[in-house]
Amino acid sequence: MVEQKKIGNIVPHLILWVGIVIVAFPVYLAFVGSTHERSLIANGQMPIWPGSLFFENYYRTIFVGTSGTTREPVGTMIVNSFIMAMVIACGKIAISIISAYAIVYFRFRLRMTAFWVIFITLMLPVEVRIYPTYKVAADLNLLDSYAGLTLPLIASATATLLFRQFFMTVPDELVEASRIDGAGPFRFFKDTLLPLSRTNMAALFVILFIYGWNQYLWPLLITTRDDMQTIIIGIKKMIVTSDALTEWQLVMCTVMLAMLPPVFVVIAMQRLFVRGLIETEK
Amino acid sequence: MAGVKLEDVRKVYAGNVEAVKGVSFEVPDGHFCVLVGPSGCGKSTLLRMIAGLETTTSGVITIGGDVVNHVEPSERDIAMVFQNYALYPHMNVYNNLAYGLRNRRTPKPEIDARVREAARILEIEPLLARKPRELSGGQRQRVAMGRAIVRKPKVFLFDEPLSNLDAKLRVSMRVEIKKLQRSLATTSIYVTHDQLEAMTLADMLVVMNAGRVEQIGLPLEVYERPATAFVAAFIGAPPMNLMTVKAKDAVALIDGAAIGIPEDGAIVGIRPEDLSLSKDGSTPAGGITLGLTVNAVERVGPETFVYGSVERGDDVIVRVPGQDAPGAGERVVAVARRDKLHRFSMDGSRRLAD
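Predicted model only: the values in this text are computed from it and were never measured.

Asks: So what's going on with the overall build of chain A? Which residues, and what values?
Replies: The helix and strand inventory of chain A stands at 14 helices and zero strands. Starting at the N terminus and walking to the C terminus, you meet the elements of chain A as α-α-α-α-α-α-α-α-α-α-α-α-α-α. Its C-alpha radius of gyration of 24 Å places chain A more than 25% over the 19 Å reference for a compact globule of 282 residues. Summarising its shape, the C-alpha atoms of chain A cover approximately 75 × 70 × 30 Å along the three principal directions. When contacts within chain A are restricted to residue pairs at least 6 apart in sequence, those whose partners lie at least 24 apart make up 74%.

So, in structure tokens, the structure goes:
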């Protein structure tokens, strides 16, 4: 029995290890690239072991920036990206949980209309409505601002639907018990619904943070000033250049840095994230 | 402490569905009133209207002399125990009990004293720090009751509180609810579809059917003198045997003239426990006789139920003490005292005078 089990475990483990190597190797190469000097990569010699310029390259990336292309240190970009991802994630959760609460628990005129209007926006992501959204943002003087970076991305049908589905599984008796216990709509929301949604919110936060962090098209349009660039745009700008040599070692540093915050968020929220996706606290 | 009074209370849902069709009764202060009836008879709706969770279409609901039709549930000074307990899953037992008091801005020391007292009464003190999901069904039930008693309300409302428990626990909780209500002497209204719960708990039994009250009375009174054929069939297990009898058929079936069947017929009822099997086929003096063919026999230990049918086809159940019973297919004679017969009008809506 024991023997059989061991053999049975080897195959899945083997598959997992192969998968890990496939996924991790390019990341490792990027890390290696970020620790060598420019000429090595530019010559097409890709070393397999890390070099000695780890501190120097990362220092330059974060605090100085590339010499000819983006003109901004990556530190600023990280801050921009972080603000953008945080505001989008928190804003989306805040707006969608409130609208889901209204749709599920209140009987008002045009309730179903409101629901369907929100639902239809699922079919209209930023990429589809990019011109009108840009026009509105421009008219409101939101270009090159954090508000412009985040607001158009915040209203979210997916998150609203997710909370709506979750609220509909909360037993009606809980609402009634709250009413008898003297909790009004606000107290019910704060004391019962929010704590119950905790895991859902965490799961959503992880997904939305990464969504916000990875935004490319919208920040590209809405920002023109260098000090408003996000890190994802920064990477692109470092590479596309005709009058200067691409500093590949710094690009690789930036790539590594761009990867870290989402990884941290996933690790930090992992337990809540998994619980939010698989179980409901009821 | 206060009584509850309903006057011609109605509930009409959207689409003109009438769930409660004019109900009036009064529960005196400190009494334990049980609303019993089959599913969909409007008993839960009625309870929820008393709680204020449903609006009242028309009629007047009074709690302790105050009309509460348009008063919020939290202002009615009632507490409700729900069928699925409705405990707040993210709060521990202590906070579940304390929540209602906190919302009322009760001073902290008093909240603490009341929660601990309720926990002591219900013997859930060791559980105060636990979350509901860490409790068994019976313990959750106790917490739900605790949440009601910490509030010291005028009225307790119970909505089928025992139906999620297993049979054994149900019996012991039933006894405890009764004891608790006795000692607190709080007016209580209890909804159930289980006639056994209804019989054992009630000081006042309200039998409902299709949105109407069929009968109100003491449990034994209702059992002994059911006011309608519906009540006769609903209260008691196994149910009362009911047979529609025309005056001209009566003689053949039972001694019709003597039991006074009106010309257009009547529904004649007799409880299984009032029937006995006659060994030698003779009728006792002043008794009635039913000739039965046995279809099935159920032995449950202390008693045996004999399922038979009379010649014209009506099914009749006879309850026999012990385990000694005829086999299926045998012909037997069931006899009963004449004064144990119940007679109802042909539509079953009223009891005929004895």
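Having seen the model, we can carry on.
Asks: Could you give an account of the environment of A198 of chain B, naming the residues involved and the relevant values?
Replies: Residues and elements named next belong to chain B. Its location among the elements puts A198 in helix α6 (residues 195-201). For the pair A198 and F230, spaced 32 residues apart in sequence, the C-alpha to C-alpha distance is 16 Å. Aside from chain neighbours lying at most four places away, what touches A198 is V34, V36, T192 and L205.

Asks: Which residues make up the domain arrangement of chain B, and what values go with them?
Replies: Entries for chain B in the domain assignment read domain 1 (4-231) and domain 2 (239-344). The C-alpha-based centres of domain 1 of chain B and domain 2 of chain B are spaced at 39 Å.

Asks: Report on the sheet that holds strand β1 (residues 4-13) of chain B, specifying residues and quantitative values.
Replies: Residue and element names in this part refer to chain B. Across the sheet, which stays open at both edges, the four strands sit in the order β2-β1-β4-β5 with antiparallel pairing between neighbours. Of all strands in the sheet, those bounded by a partner on one side alone are β2 (17-27) and β5 (66-67). Bridge count for β1 against β2 is eight bridges, and the pairing is antiparallel. Of the residues in β2, the one forming a bridge with V12 is E18. Contacts from helix α1 (residues 43-51) reach β1, β2 and β4 (58-63) within the one sheet, and its direction differs from that of β1 by about 115°.

Asks: Go over the interface of chain B and chain A with me, naming the residues and quoting the values.
Replies: Residue-level contacts link 17 residues of chain B with 16 residues of chain A. Mapped by element, the contributors of at least two residues to the side of chain B that touches chain A are β6 (78-81) and α2 (93-103) of chain B. For the side of chain B that touches chain A, the per-class residue count stands at eleven nonpolar, five polar and one charged.

Asks: How would you sum up unusual backbone geometry? Please name residues and give values.
Replies: A cis geometry characterises the amide bond from A237 of chain B onward to P238 of chain B, with omega recorded as -10°. Not every positive phi belongs to a glycine, and L110 of chain A is a case in point at roughly 65°. Secondary-structure assignment places L110 of chain A in the loop between α4 (74-105) and α5 (111-120). Using a count of 9 C-beta atoms within 10 Å as the deciding quantity, one classes L110 of chain A as exposed. For E160 of chain B, which is not a glycine, the phi torsion comes out positive at approximately 45°. Relative to the assigned elements, E160 of chain B resides in the loop between β7 (155-159) and α5 (167-184).

Asks: Quick one: what's the story with the environment of D315 of chain B, residue by residue and with numbers?
Replies: Residue and element names in this part refer to chain B. Tracing the chain through its elements places D315 in strand β16 (residues 315-321). D315 sits in the partly exposed class, given 13 other C-beta atoms within 10 Å. Separated by 237 residues in the primary sequence, D315 and I78 have C-alpha atoms spaced 45 Å apart.

Asks: Talk me through the nonpolar core; I want residue IDs and the actual numbers.
Replies: Within the largest apolar cluster, 100 residues are counted, with the highest numbers of intra-cluster contacts made by V34, L35, L157 and I189 of chain B. The element best represented in this core is α2 of chain B, accounting for six residues. Inspection of this core shows a minimum of three residues originating in each of domain 1 (4-231) and domain 2 (239-344) of chain B. Beyond its immediate stretch of four places on either side in the chain, V34 of chain B contacts Y190, T192, A198, L201, A202, L205 and V206 of chain B. Judged by nonpolar contacts, the second largest core, of 31 residues, contains A85, A137, L193 and F209 of chain A.

Asks: An account of the environment of L250 of chain A is requested, with residue identities and associated values reported.
Replies: Within the secondary structure, L250 of chain A is located in helix α14 (residues 248-278). For the pair L250 of chain A and N57 of chain A, spaced 193 residues apart in sequence, the C-alpha separation works out to 6.4 Å.

Asks: So what about the sheet that holds strand β12 (residues 266-270) of chain B? Which residues, and what values?
Replies: Residue and element names in this part refer to chain B. Pairing in this open sheet of three strands is antiparallel, and the strands run β11-β12-β18 from one edge to the other. With one partner strand each, in any of the chains shown, β11 (241-245) and β18 (342-344) form the two edges of the open sheet. Strand-to-strand, the axes of this sheet are offset by a mean angle of 25°, without reference to chain direction. Bridge analysis of β12 against β18 gives three bridges, and the strand direction is antiparallel. The residue bridging I267 from the neighbouring strand is F344, located in β18.

Asks: Can you lay out the confidence of the model for chain B for me, pointing to particular residues and giving the numbers?
Replies: Averaged over all residues, the pLDDT of chain B is 88; the fraction at 70 or higher stands at 94%. The ipTM assigned to the predicted complex is 0.81, against a pTM of 0.80.

Asks: Lay out the packing of α4 of chain A against helix α7 (residues 146-154) of chain A with the relevant residues and their values.
Replies: Residues and elements named next belong to chain A. Two elements in contact, α4 and α7, have axes whose closest approach is 9 Å; the angle formed by their N-to-C orientations is 35°. α4 and α7 meet at a crossing whose hand is right-handed. Along the contact surface, α4 presents I83, M84, V87, I88, G91, K92 and I95, while α7 presents Y146, L149, T150, L153 and I154. Looking at the contact of α4 with α7 residue by residue, the class counts come to nine nonpolar, two polar and one charged.

What counts as what
- Chains are numbered independently. Their residues run from 1 in the order of the written sequence.
- Going through the entries in the order they are written, you letter the chains from A and number the ligands from 1.
- Restriction of local features to residues with pLDDT of at least 70 applies here, the model being predicted, together with a cutoff of 80 or more for giving and counting side-chain atom pairs; totals for whole chains, interfaces and linings are based on all residues.
- Runs of H or I in DSSP of at least four residues are treated as helices and runs of E of at least two as strands, each being numbered from the N terminus.
- A radius of gyration in this sense is built from C-alpha atoms; the matching globule rule multiplies 2.2 Å by the number of residues raised to 0.38.
- Contact definition: two residues whose C-beta atoms, as placed from backbone geometry, lie within 7 Å.
- In this entry, domain limits derive from an automatic or database-based domain assignment.
- When DSSP finds at least two bridges between two strands, those strands are taken to pair.
- Axes, fitted as lines to C-alpha atoms, cover a helix only where it is in contact. Angles between the N-to-C directions of the axes lie from 0 to 180 degrees.
- When residues are grouped by polarity, Ala, Val, Leu, Ile, Met, Phe, Trp, Tyr, Cys and Pro land in nonpolar, Asp, Glu, Lys and Arg in charged, and all others, Gly among them, in polar.
- Counting other C-beta atoms within 10 Å of a residue's C-beta gives its exposure: the residue is buried at 20 or more, exposed at 12 or fewer, and partly exposed in between, where C-beta atoms are placed from the backbone.
- Note on terminology: a nonpolar core is a set of buried residues of type Ala, Val, Leu, Ile, Met, Phe, Trp, Tyr or Cys, with members joined through C-beta atoms within 7 Å.
- What pLDDT expresses is the predictor's confidence in each residue, scored from 0 to 100.
- Crossing handedness follows the turn of the near helix against the far one: under a right angle anticlockwise gives a left-handed crossing, and clockwise gives a right-handed one.

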